Amino acid sequence: MANGDDDIQTVPDGISFEEMLAEVDQDDTGNDEKTAADLEAVFDVPVRLSVVLGRTRMPVAKLLKMDIGTVVELDRQVGEAIDIYVNDRLVARGEIVLVEGRLGVTMTEIIKAG
């Protein structure tokens, strides 16, 4: 199957490319399931978590006129999902919850990389 492209890989008859990849992905035990222990090396890596309730744009003059009690209109509706970012990358959506008098977030949707 040569068509001039050097990056095309051929596989023996009867074996799919996915089957070959599965063999490479398996560890020495033949078990390709990952556990939390596999990530232990990154447990202490600090990340920045941001929860975005909404956004708005305004001129600096309006910003300087703001005082306690000023209402800022955001681009979200009440009850609409909020965005959860890790290191400026959208990873999930969730809802605001109240737990023992403190605001929190419960994740309702995980955003898959793509």
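How each quantity is defined
- Counting from 1, residues in each chain are numbered in the order their sequence is written.
- Note on the predicted model: pLDDT of at least 70 is required for a residue's local features to be given, and 80 or more for side-chain atom pairs to be given and counted; whole-chain, interface and lining totals, by contrast, use all residues.
- The side-chain values count all of the structure's non-hydrogen atoms but skip hydrogen atoms and water molecules.
- The way it works is that DSSP assigns letters per residue, a run of H or I at least four long becomes a helix, a run of E at least two long becomes a strand, and they are numbered from the N terminus.
- Each residue's exposure class comes from its accessible area (1.4 Å probe, protein chains only) as a fraction of the maximum for that residue type: buried when under 20%, exposed when over 50%, partly exposed otherwise.
- Here, two residues are considered to be in contact whenever any of their heavy atoms come within 4.5 Å of each other.
- Each accessible area value is a Shrake-Rupley result obtained with a 1.4 Å probe; residue values ignore everything except the protein chains displayed when judging cover.
- Confidence of the prediction at every residue is given by pLDDT, a number between 0 and 100.
- Points on a 1 Å grid over protein atoms alone make up a cavity when a 1.4 Å probe fits among them but cannot get out, and a pocket when they form an open set with protein on both sides within 12 Å along at least five of seven lines; lining residues each have an atom within 4 Å of a point.
- Grid points are joined across faces, edges and corners, and a volume is the space filled by probe spheres set on the points.
- Residues were grouped as follows: Ala, Val, Leu, Ile, Met, Phe, Trp, Tyr, Cys and Pro as nonpolar; Asp, Glu, Lys and Arg as charged; and all remaining residues, including Gly, as polar.
- Strand pairing requires that DSSP identify at least two bridges connecting the strands.
- Each axis is a line fitted through C-alpha atoms, taken for helices only over the stretch in contact, and angles between the N-to-C directions span 0 to 180 degrees.
- Salt-bridge detection follows one rule: a side-chain nitrogen of Lys or Arg within 4 Å of a carboxyl oxygen of Asp or Glu.

**Considerations on the overall build of the protein chain**
When you go through the protein chain residue by residue, the secondary structure sums to 2 helices and 4 strands. What you see in the protein chain, going N to C, is helices and strands ordered as α-β-α-β-β-β. Taken over 114 residues, the protein chain has a buried fraction of 8%. Excluding contacts between residues fewer than 6 apart, the proportion of contacts in the protein chain whose partners are at least 24 apart in sequence is 24%. Carbon and sulfur atoms provide 53% of the accessible area of the protein chain, an area that totals close to 10,500 Å².

**Digging into the confidence of the model for the protein chain**
Summary statistics for the protein chain give a mean pLDDT of 80 and a share of 71% for residues scoring 70 or more. The secondary-structure element of the protein chain with the lowest mean pLDDT is helix H1 (residues 17-25), recorded at 57, while helix H2 (residues 60-64) shows the highest, at 95. Contacts for the low-pLDDT stretch residues 1-11, under 50 throughout, to residues beyond four places or in other chains number 5 contacts.

**A few points about the layout of surface pockets**
The calculated volume of the largest pocket comes to roughly 220 Å³. Of the residues belonging to the lining of the largest pocket, the class tally is 6 nonpolar, 2 polar and 2 charged.

**Some words on unusual backbone geometry**
Positive phi outside glycine occurs at Asp88, with the angle close to 65 degrees. Position of Asp88 relative to the elements: it lies in the loop between strand E2 (82-86) and strand E3 (89-99).

**Quick notes on the sheet that holds E2**
Strand order in the open sheet formed by 4 strands is E1-E2-E3-E4, and the pairing between neighbours is antiparallel. For this open sheet the edge positions go to strand E1 (49-52) and strand E4 (102-110), each flanked by a neighbour on one side alone. The average undirected angle you get between the axes of adjacent strands in this sheet is 40 degrees. By the bridge criterion, 5 bridges tie E2 to E3 in an arrangement that is antiparallel. In the sheet register, Val86 faces E3, and the bridge partner there is Arg89.

**Focus on the pattern of salt bridges**
By the definition in use, this model includes 3 salt bridges. Across the salt bridge formed by Arg76 and Asp83, the nearest N and O atoms sit 2.5 Å from each other. According to the relative accessible area criterion, Asp83 is buried, its value standing at 8%. Here Arg93 ties to Asp83 by a salt bridge, and the two come within 3.0 Å at their closest N and O atoms. Residue Arg93 is found in strand E3, and its partner Asp83 is found in strand E2; the two are separated by 10 residues along the sequence.

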